[in-house]
Amino acid sequence: MMGEKIFVNDGWLFGCDFDDGLIGKNSAENFEEVRLPHTVAVTPFNAFSPKLYQKLSLYKKTFATEKSWSGKKVLLTVGAAAHFSKVYLNGKFLGEHRCGYTSFTFDLSENLLPEGKLNVLDIIVDSREDSDEMKDIPPFGNRIDYMTYGGIYREVYIEVKNPVYIEDVFVTTKKNKFSSSIKISGDFEGKGFTVSQTVVPSLNAPVPAGADKNAPCLEINTGVGGKTVLTSALASGIGMWTLENPALYVLRTSLIDSDGNEVDAVETRFGFRDIRFDESGFYLNDKKIKIRGLNRHQSFPYVGYAMPKNMQRDDADILKYELGLNEVRTSHYPQSHHFIDRCDEIGLLVFTEIPGWQHIGGEKWKDQSVENVREMIVQYRNHPSIFMWGVRINESLDDDGFYKRTNETARTLDPSRPTAGVRYLKHSSFLEDVYTFNDFSHTGKNPGALHKKDVTKSKGGYMISEYNGHMYPTKSFDDEAHRTEHAVRHANVLEAVASYDEIAGASGWCAFDYNTHGDFGSGDYMCYHGVMDQFRNPKLAAAVYKIQGEPDIVGDVLEVTSAMNIGEYPGGEKGPAYILTNADSVRVSVDGIFIKEYKSSDTSFTHLKHGPILIDDCIGNRLIDEEGYSKKDSERIKKLVFAAQKYGLENLPFKYKMLGAFIYLFRKINMDKMVAIYGKYIGNWGGTANAWKFEAYKNGKPVKTLVVCPGGNVSLRVDVSRTSLVEENTYDVCPLRFSAVDENGNLQPYFQEAVSLRCEGDVELIGPSAVSLKGGLSGCYVKSKGKSGSGKLVITDWNQKEMCVEFKVSVGVGNA
């Protein structure tokens, strides 16, 4: 018999104007009714002070004591509340929690009112970063390069269990060996309790032909001799958890009394997999994996951290399927189980770490950080996607006494995973298993990464945990040269990491733009460090990652980094342009005339599966066919023309000046002719813009076409991830992404008009009713309202043209 689990995410009262006299009362004047997850402040998109969400808040919830709860343990669990919480039941103080990124549980049993009476649950949440309490709570105590928001932003539930129950189950595997540690709570000693375990296939797990998919592939029975029960067995016929096929299994652990009755049961999802991280690299099931990832902040526009299940899962899908990654670092704190559940399901490795950013506080602060290590590991250690624990405050100085404690805690609670410590220091004190280093050495002109030997002489594993980021912030609306350089810099680092065998891999900074404090960012409280914007719209750099992914995961990719407009560049001197594709080749035509077929091997990024390909020819054989030059003369003239395009005539390097002199003296081509050739084939001010066509081929067949030319009409494209909103344990949210495109589907990065938004029916809008496009991009969120039915979002563009997105809303019975 599994304990009853009751989600309590509806019907909360929330307010910030209160005193202690409200604690224990079942009503509060001027409080608003809210649903969880909840943020204490809905913010603008950018340009707002963090003071907006720094509040002392009170959440109130009433619920009746049920008859079935008599004699039972009634436990309250809060998924996360930012950042210091005090919990009261019926006016009685139950305890406090000093971390905004892990869950906490309190026993309500002794303070419940009699059957049928209304209990009053009060939770005070402090999100004031400079309050007296915060100085002893990581990550606070100094400046922080991300906003920390406030509120009960993850789900809350009540569990009803028998007096003797299973408190925790921890599963470890090594190849096909299964082991578990079961923690029993209550008065069980000498009463004949036993434990029964079965393992059954779940998502992606193989089932033998003709076998029942629910048939156990492993069964264990053992007695309960103490508070902790250890079990182990060898499994046969199981599938391993891999990046390509992440096989998952469900362990059902039953606690049986002496009469044979099941008094509790816990289901734990896990995967069989073996990880190793040493000086030679990272291995999953003895297969060496080059880690390719990005860092993720869990924040969203308007509501900060407060987004429900499907929004968390969407982010994992974006990282895997839109960016082609195999890893994510949850910077700089543990993130939603919904997010990591999805990583488990799709085969996305997770490096998670304790809360913190550079600052180390006093002894109470350190004690809390060690407790954060304990909570993180106990709460997240059954996720097979998590391959490493971050037990050092991000980018902090060395503190051996402190970090000996964090490492010891991690290794005691989970000896199956390596520890790591993210630092920016070279030759730092090394207490972890893996030296993780934020390598910001790349400037665009030098190699993409440092060699390990230049960072540490340690013998353990080595991984780059951040790169780029603040070294080259890039907005969706930056000029083309800047956006192109951003993409190239990411490719440069990926190239270096791929070529250095001693580097196990890297997590770039970062996946998505994020709001930050005024000490950082671009003056508008926003860090534009992502390869996607805050709405998860891709920048050019996103394609650099996408083309590294498996084609059956990311699909066929073809992008060009330039709109081929001379007016984009000073003096009309166009900068370098690249093809980003995972095709075998790309055929390029200009104004219907074939120019060149670029092969994937033409890239200078030779260690990448698919590197950016420089577009180095826009003339092809036209000087031969149209001007009558020989092939040799054609190539010389093209070299000179392309050099003039790159450097300008006034800044031609000496070798090109000599080439020009040679052409003029011996080939009788005068300056007027050269200018005419340049204007015709490269472009000049007042000339006619060209139409470029790019055709991607795979296995000799066209798979994707891109036409780049000056557009006529601009239209709004709306991408919707799903149109069904399903309420399970709380509300659901659907993201919509907007882009301004021309008739060929090309993004218009300087289009800044607004669209207006209106919801009808059983859905509502999160955020403002009008959004401006930034870099031709924007987005919005549609939320269910707790009622089954239908609704629609009406979008009105800059031409007053309306389009409707219709939603179906389904509400389950899992929430109270």
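All chains use their own residue numbering, which begins from 1 and follows the written sequence. Where totals are concerned, whole chains, interfaces and linings use all residues; where local detail is concerned, this predicted model gives features only for residues with pLDDT of at least 70, and gives and counts side-chain atom pairs only at 80 or more. With hydrogens and water excluded, all non-hydrogen atoms of the structure serve as input to the side-chain values.

(A) Broad picture of the overall build of the protein chain. Only DSSP runs of H or I reaching four residues or more are called helices, and only runs of E reaching two or more are called strands; each is numbered from the N terminus. Across its full length, the protein chain carries eleven helices and 48 strands. For the radius of gyration, the atoms used are the C-alpha atoms, and the globule rule reads 2.2 Å times the number of residues raised to 0.38. Taking 816 residues into account, the globule formula puts the C-alpha radius of gyration at 28 Å, and the protein chain, at 30 Å, falls close to it. In terms of its C-alpha atoms, the protein chain occupies a principal-axis envelope of roughly 105 × 60 × 55 Å. Burial classification: accessible surface area is computed with a 1.4 Å probe over protein chains only, and a residue below 20% of its type maximum counts as buried, one above 50% as exposed, and the rest as partly exposed. Within the protein chain, the proportion of its 816 residues that are buried is 57%. The contact criterion used throughout is that any non-hydrogen atoms of two residues lie within 4.5 Å. Long-range contacts, defined as pairs at least 24 residues apart, comprise 70% of the intrachain contacts of the protein chain with a sequence gap of at least 6. For every accessible area listed, the method is Shrake-Rupley and the probe measures 1.4 Å; residues are considered covered only by the protein chains on display. Approximately 32400 Å² of the protein chain is accessible, and the part contributed by carbon and sulfur atoms is 49%. The positive charge centre, built from 95 side chains, and the negative charge centre, built from 107, are 4 Å apart in the protein chain. Charge counting follows a simple rule: Lys and Arg are positive, Asp and Glu are negative, and His as well as the terminal groups are ignored. For the purpose of locating charges, the reference atoms are NZ of Lys, CZ of Arg, CG of Asp and CD of Glu.

(B) Main features of a positive patch on the surface. There is a patch of like positive charges on the surface, built from K445, K639, K646 and K655. Of note, K445 is situated in the loop between β28 (434-438) and β29 (461-466). Each patch groups residues whose relative accessible area exceeds 30% and which form no salt bridge, using 9 Å between like charges and 5 Å between nonpolar side chains of Val, Leu, Ile, Met, Phe, Trp and Tyr. By salt bridge we mean one thing: a side-chain nitrogen of Lys or Arg within 4 Å of a carboxyl oxygen of Asp or Glu.

(C) Quick look at unusual backbone geometry. In this chain, P138 is followed by P139 through a cis amide linkage whose omega measures 10 degrees. Its place among the elements puts P139 in the loop between β10 (118-126) and β11 (151-152). Residue W509 is joined to C510 through a cis peptide bond whose omega torsion reads -5 degrees. Among the secondary structure elements, C510 is positioned in the loop between β30 (505-508) and β31 (514-515). Backbone geometry at E395 places phi at a positive 60 degrees, although glycine is not the residue there.

(D) Examining the packing of helix α1 (residues 309-322) against helix α2 (residues 337-346) more closely. For helices, the fitted line uses only the C-alpha atoms of the stretch in contact; every axis is such a line through C-alpha atoms, and the angle between N-to-C directions lies from 0 to 180 degrees. For the pair α1 and α2, interaxial distance at closest approach is 8 Å and the crossing angle is 40 degrees. As judged from the angle between their axes, α1 and α2 are oblique. Considering only the axes of α1 and α2, their crossing is right-handed. Contacts from K309, Q312, R313, D315, A316, D317, L319, K320 and Y321 in α1 reach H338, F339, R342, C343, E345 and I346 in α2. An angle below 35 degrees is treated as roughly parallel, one above 145 as roughly antiparallel, one from 65 to 115 as roughly perpendicular, and anything else as oblique. For any helix crossing, the convention is left-handed if the near helix is rotated counterclockwise from the far helix by under a right angle, and right-handed if that rotation is clockwise.

(E) A look at the pattern of salt bridges. Inspection of the entire model under this criterion finds 61 salt bridges. Ionic pairing is found between K287 and E244, a salt bridge with its closest N-O pair at 3.4 Å. Taken together, the positions of K287 in strand β22 (residues 287-289) and E244 in the loop between β17 (228-234) and β18 (249-256) put the pair 43 residues apart, joining distant regions of the chain. Judged by relative accessible area, which is 44%, K287 ranks as partly exposed. Judged by relative accessible area, E244 falls into the exposed class, the value being 56%. For D398, the salt bridge is made with R392, and the minimal N-O distance between the two is 2.7 Å. Among the ionic contacts, a cluster of salt bridges with common partners joins R269, R313, D317, D341, R342 and E345.

(F) Quick peek at the pairing of strand β47 (residues 789-796). Pairing between two strands is assigned when DSSP locates at least 2 bridges connecting them. Direction of pairing for strand β43 (residues 754-761) relative to β47: antiparallel, over a ladder of six bridges. Bridging across to β47, R758 finds its partner in V794. In sequence, β47 turns back onto strand β48 (residues 802-811) through a hairpin of five residues, with Q800 there showing a positive phi of about 65 degrees.

(G) Broad picture of the nonpolar core. What we call a nonpolar core is a set of buried Ala, Val, Leu, Ile, Met, Phe, Trp, Tyr and Cys residues that are connected through their side-chain atoms within 4.5 Å. Core analysis: the biggest nonpolar cluster contains 85 residues, and Y59, I152, L736, F738, Y781, I795 and F807 have the highest contact counts within it. Considering every element that reaches this core, the biggest residue donor is strand β42 (residues 733-741), with five residues. Discounting chain neighbours no more than four positions away, the residues touching I152 are L36, P37, H38, Y59, V78, A80, A81, I123 and V125. Formed by 61 residues, the second largest nonpolar core is a distinct cluster that contains V350, Y435, I464 and V493.

(H) Main features of the sheet that holds strand β15 (residues 194-201). Strand order in this open sheet of four strands is β16-β15-β18-β19, and the pairing throughout is antiparallel. In this open sheet, the two strands that pair with only one neighbour each are β16 (218-223) and β19 (262-270). Along the sheet, successive strands turn relative to each other by an average axial angle of 15 degrees, direction set aside. By the bridge criterion, eight bridges tie β15 to β18 in an arrangement that is antiparallel.

(I) Structural context of the side chain of S739. Along the chain, the position of S739 falls in strand β42. Ignoring sequence-local partners within four residues, the contact set of S739 consists of S715, L716, R717, L747, G776 and L777.

(J) Geometry of a nonpolar patch on the surface. Nonpolar side chains collect at one region of the surface, where Y664, M671 and V675 lie side by side and expose about 260 Å² of accessible area between them. Turning to its location among the elements, M671 is positioned in helix α11 (residues 671-681).

(K) Geometry of the sheet that holds strand β38 (residues 692-698). Strand order in this open sheet of four strands is β36-β35-β38-β39, and the pairing throughout is antiparallel. This sheet does not close on itself; its edge strands, each paired only once, are β36 (593-599) and β39 (701-708). Within the sheet, the average angular offset between the axes of one strand and its neighbour, ignoring direction, is 20 degrees. Relative to β39, β38 runs antiparallel, the two sharing seven bridges.

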